Amino acid sequence: MSMEKDTRETTLNGFDDGMGAERAQNARGTAARLLKTLMRQKWKLLVIFLSVIIGSLFNILAPKVTGVAVNQIFSGVQNALANGGKFQVNWETMGMVLLQLAGLYVLTSAFSYIQQNTMAGVSQTLTLTLRREISEKLNRLPLRYFDRHKKGEVLSRATSDLEKVADTLQDSLSQLLTAFVSIVGSFIMMLVISPTLTLVALVAIAVSLVVAGLVSRRTQRRFAANQEALGRLNAGIEEAFSGNIVIKAFNLEPQTVENTKKLSEELFQAGKKAMFSNYVISPIIRLINQFGYVAIAIGGAMSVIRGRISIGGIQAFIQYVNQVSEPVTQISFTVNTLQGAVAAAERVFRLLDEEEEAPDPAQPQFLTAPRGEVRFENVRFGYSDDAILMQNVSFTARAGDKIAIVGPTGAGKTTLVNLLMRFYELQGGRITIDGVDIASMTRGHLRSLMGMVLQDTWLFGGTIRDNIAYGKADATDEQIFAAAKAARADHFIRTMPLGYDTVLSDEIASLSQGQRQLLTIARAILADPAILILDEATSSVDTRTELEIQKAMDALMQGRTSFIIAHRLSTIRDANCILVMKDGAIIEQGSHEELMKLGKFYADLYNSQFAAKAA
């Protein structure tokens, strides 16, 4: 669609896209909101929580049982040395200990499987839920939102940001719970065995936590910068693909490649910094913990020599230290990873919190037998409140009239029909159809009254039949064929490999721009609207095809109110009324003959076109 970019780019330059690489503005609030979303699956979360607790308890008991086995072996060795006999293992007693130990490890693994499998379901359900909310949100956002944001940035919210949240939760949330329970349980067992050695372990853990806190301060900002760089790269690639023909035509391949390299390098640098912050914390903490192990080993050996702790007890204590220090390292790593997830989640929620279109009226009005009389009454509109494009625009289109809209680029021609379709809300005045204010109708009902053929064709991946019937899903084959014939598209369709059942996802590259336009015209004919909007509908076809289409359009426009945006003024000479626009205002209106007699802007515009052709 021709969207009057010249005018709008000027008025929208000041907008911030709201998706910068800054640190999450409200990490705590975002985390709380994410948790609230997760609580929709509270029963699954309860299963995960119970599995974590039970599995962790079994894992905590294992070192104690191992210590009993070590003590039995040590006692047997001592007795054998004291009595001068041969050391023998009491397999009846030891077998029971080993059986208990095997049972603990099996149960720990079983509950670990339950929690991981359930957490995978929770994260995937969260992804599905948020993706549905994003999809529904995008359908409720006003057109001005898409004017202000690149497609790649919006796509990044629904893909990479959302996947990052889900993957992080799946990998990290259960680990975080497991680590917390392991730390608490192991700490209690350490206190029971030796309060003194526990104090030594706590000092090492405290130092590692301080270091982790210092490192993690930068992590969230760096992950946000990484996601923003990814969004810019997505936008650049999307633009390069969509504008591939223009790029080749102007020999801009080197610049495009250089721009992609630059964006890729920015993503590389941002990703490298984020990953460094994420992964550097683990080896640093492990280094600090090694010093703690040395101190505990020395202190434990002295305690065993003095008889304060059994050798099985010190063995169990060292295992518990490991069960505390490893989860501390894991928590530090996980918290860093969660920082990135929170930054990504905030960007997703920011999209979900965008201002939506004004809601449809609670008691809407409907036109059961629309005639198509359109009236603009003192319409005032601007893409922002401080940059008004239209002031007091008024005109009337009688039912069945053919209204042409002409004017230079940026005059507001497409904006006028966008207001009629209620793609934008007015700042003043009103628009009526058959005397009913369009603001009092639902958008769905309003747009069902209209058919639109745009300069930029849009076809989706599906059959030709489905594309023509896009606006009327219950259309019969006969109606589809008739619409295609009326649009002069039937002949070339039947030359396709499968005719109307040809899938455009494979064949779309072989369709000319004119053929694509014919299909969109057939789509509009089939919809049988009360009001027809043609935005340069024949600009992409040759003169002969244009004449054929014009015949179909003349038949289609009979009895319908038609709005035609045209640059080639020769195509709208028979219009009932021509609206001449300049700088958002209607400066002249009347029939072709009336405007030519007036001898002002329209006459100059019309004569200049024919003078250019003659030259």
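Residues numbered from 1 in each chain as written. Predicted model: local features only at pLDDT ≥ 70, side-chain atom pairs only at ≥ 80, totals over all residues. Heavy atoms only, no water.

Turning our eyes to something else, we now look at the overall build of the protein. From N to C terminus, the protein includes 22 helices and 10 strands. Buried residues in the protein amount to 46% of all 615 residues. Per element, the accessible surface of the protein, about 30,700 Å² overall, is 58% carbon and sulfur. (Helix = DSSP H or I, 4+ residues; strand = E, 2+ residues; numbered from the N terminus. Buried < 20%, exposed > 50% of the residue type's maximum accessible area, 1.4 Å probe, protein only. Areas by Shrake-Rupley, 256 points an atom, 1.4 Å probe, with all protein chains shown as cover.)

Before going further, it helps to spend a moment on the packing of aromatic side chains. Following the criterion strictly, the structure yields 7 aromatic pairs and no others. Ring geometry for Phe-376 against Phe-395: centres 4.6 Å apart, planes inclined by 20°, an arrangement best described as stacked. Of this pair, Phe-376 sits in strand 1 (residues 374–384) while Phe-395 sits in strand 2 (residues 387–397), and the two are 19 residues apart along the sequence. Phe-376 gets classed as buried once you look at its relative accessible area, which sits at 2%. We classify Phe-395 as buried; its relative accessible area is 5%. Relative to Tyr-424, the ring of Phe-381 has its centre 5.5 Å away and its plane inclined at 50°; by these criteria the two rings are tilted. You can see Phe-381 sitting in strand 1 and its partner Tyr-424 sitting in the loop between helix 13 (413–420) and strand 4 (428–433), a full 43 residues away along the chain. A residue is classified by how much of its surface remains accessible, and Tyr-424, at 2% relative accessible area, is buried. Seen from the ring of Phe-481, Arg-494 lies directly overhead, with NZ or CZ sitting 5.1 Å from the centre. (Phe/Tyr/Trp six-rings, centres within 6.5 Å; stacked < 30°, edge-to-face > 60°. Lys NZ or Arg CZ within 6 Å of the ring centre and 35° of its normal.)

Time to look at the confidence of the model for the protein. Scored by pLDDT, the protein comes out at a mean of 79, with 86% of its residues at no less than 70. At the level of individual helices and strands, the protein shows its lowest average pLDDT in helix 1 (residues 5–12), which scores 38, and its highest in strand 4, which scores 93. Within the model, the stretch residues 1–23 combines pLDDT values under 50 with 64 contacts to residues more than four positions away or in other chains. (pLDDT = per-residue confidence, 0-100. Contact = heavy atoms within 4.5 Å.)

Spatially, the 6 strands line up as an open sheet ordered 6-7-8-3-9-10, and their pairing is mixed. Each end of this open sheet is capped by a strand with a single partner; those strands are strand 6 (450–453) and strand 10 (585–590). Shown here is a sheet whose adjacent strand axes are inclined to one another by a mean of 15°, direction ignored. Here strand 6 runs beside strand 7 (residues 531–535); their pairing, made up of 4 bridges, is parallel. Looking at the pairing, Met-452 lines up with Ile-533 of strand 7. Strands in contact with helix 13 are strand 3 (402–406), strand 6, strand 7, strand 8 (561–565) and strand 9 (577–582); relative to strand 8, the strand with the most contacts, it is inclined by about 150°. Here helix 19 (residues 513–527) sits on the sheet in contact with strand 6 and strand 7, set at roughly 175° to strand 6. (Pairing = 2+ DSSP bridges. Axes fitted to C-alpha atoms, helices over the stretch in contact; angles between N-to-C directions.)

Pairing in this open sheet of 4 strands is antiparallel, and the strands run 2-1-4-5 from one edge to the other. At either margin of the open sheet sits one strand with a lone partner, and together these are strand 2 and strand 5 (436–437). Summarising the sheet, strand 4 and strand 5 pair through 2 bridges and their orientation is antiparallel. Looking at strand 5, one finds that Thr-432 is bridged to Asp-437.

On to the pattern of salt bridges, then. Scanning the entire structure with this criterion turns up 24 salt bridges. Across the salt bridge formed by Arg-347 and Asp-161, the nearest N and O atoms sit 3.1 Å from each other. Taken together, the residues span a long stretch of sequence, with Arg-347 in helix 12 (residues 311–352) and Asp-161 in helix 6 (residues 151–193) at a distance of 186 residues. Per residue, the accessibility class of Arg-347 equals that of Asp-161, and both read buried. Because the salt bridges share partners, they merge into one network encompassing Arg-157, Asp-161, Glu-228, Arg-232, Glu-266 and Arg-347. (Salt bridge = Lys/Arg side-chain N within 4 Å of Asp/Glu carboxyl O.)

All right, on to helix 10 (residues 253–279) then. With 27 residues, helix 10 ought to run about 39 Å at 1.5 Å a step, and its terminal C-alpha atoms sit 38 Å apart, in line with that. Regarding helix 10, the residues found buried are Leu-263, Leu-267, Ala-270, Gly-271, Ala-274, Ser-277 and Asn-278. (Expected span 1.5 Å × (residues − 1).)

On to the pairing of strand 2. Where strand 1 meets strand 2, 7 bridges bridge the pair, whose relative direction is antiparallel. By the bridge assignment, Val-379 is partnered in strand 2 with Val-393. With antiparallel pairing between neighbouring strands as the criterion, strand 1 and strand 2 make up a hairpin whose turn holds 2 residues.

Direction vectors running N to C along helix 16 (residues 477–486) and helix 19 enclose 125°, while the axes themselves pass 8 Å from each other. When the axis of helix 16 is compared with that of helix 19, the two are oblique. Judged by the sense of rotation from one axis to the other, the crossing of helix 16 with helix 19 is right-handed. Counted together, Gln-479, Ile-480, Ala-483, Ala-484 and Ala-486 of helix 16 and Ala-522, Ile-525 and Leu-526 of helix 19 form the full contact between these two elements. In terms of residue class, the contact of helix 16 with helix 19 is built from 7 nonpolar, 1 polar and no charged. (Parallel < 35°, antiparallel > 145°, perpendicular 65-115°, else oblique. Left-handed = near helix turned anticlockwise from the far one by under 90°. Nonpolar A, V, L, I, M, F, W, Y, C, P; charged D, E, K, R; others polar.)

Take Asp-161: its relative accessible area is 0%, and that puts it in the buried class. A distance of 3.2 Å separates polar atoms of two side chains, one belonging to Asp-161 and the other to Arg-157. Those residues in contact with Asp-161, other than ones at most four positions away along the chain, are Ser-156, Gln-227, Ala-344, Arg-347 and Val-348. (Polar contact = N/O pair within 3.5 Å; in protein donor to acceptor, adjacent residues only side chain to side chain.)

The subject of this paragraph is the nonpolar core. With 41 residues, the main nonpolar core has Ile-464, Ile-468, Ile-493, Leu-519, Ile-572, Ile-578 and Tyr-602 as its most contacted residues. Looking at which element gives the most residues to this core, the answer is helix 19, with 7 residues. If sequence neighbours within four positions are ignored, Ile-493 has contacts with Ile-464, Ile-468, Ala-484, Gly-499, Tyr-500 and Leu-519. Core analysis: the next-biggest nonpolar cluster, separate from the first, contains 37 residues, Met-390, Leu-446, Ala-530 and Ile-565 among them. (Core = buried A, V, L, I, M, F, W, Y, C linked by side-chain atoms within 4.5 Å.)

Let's shift gears to unusual backbone geometry. The phi angle at Arg-488 is positive, at roughly 60°, despite the residue not being glycine. Structurally, the position occupied by Arg-488 is in the loop between helix 16 and helix 17 (490–494). On the accessibility criterion, Arg-488 (35% relative accessible area) is partly exposed.

Let's shift gears to the environment of Ile-533. Checked against the element boundaries, Ile-533 lands in strand 7. You can call Ile-533 buried: its relative accessible area is 0%. Once the C-alpha coordinates of Ile-533 and Ser-562 are considered, the two residues, 29 residues apart in sequence, prove to be 5.9 Å apart. With residues up to four places along the chain from it excluded, the contact list for Ile-533 reads Val-417, Leu-420, Met-421, Met-450, Gly-451, Met-452, Val-453 and Phe-563.

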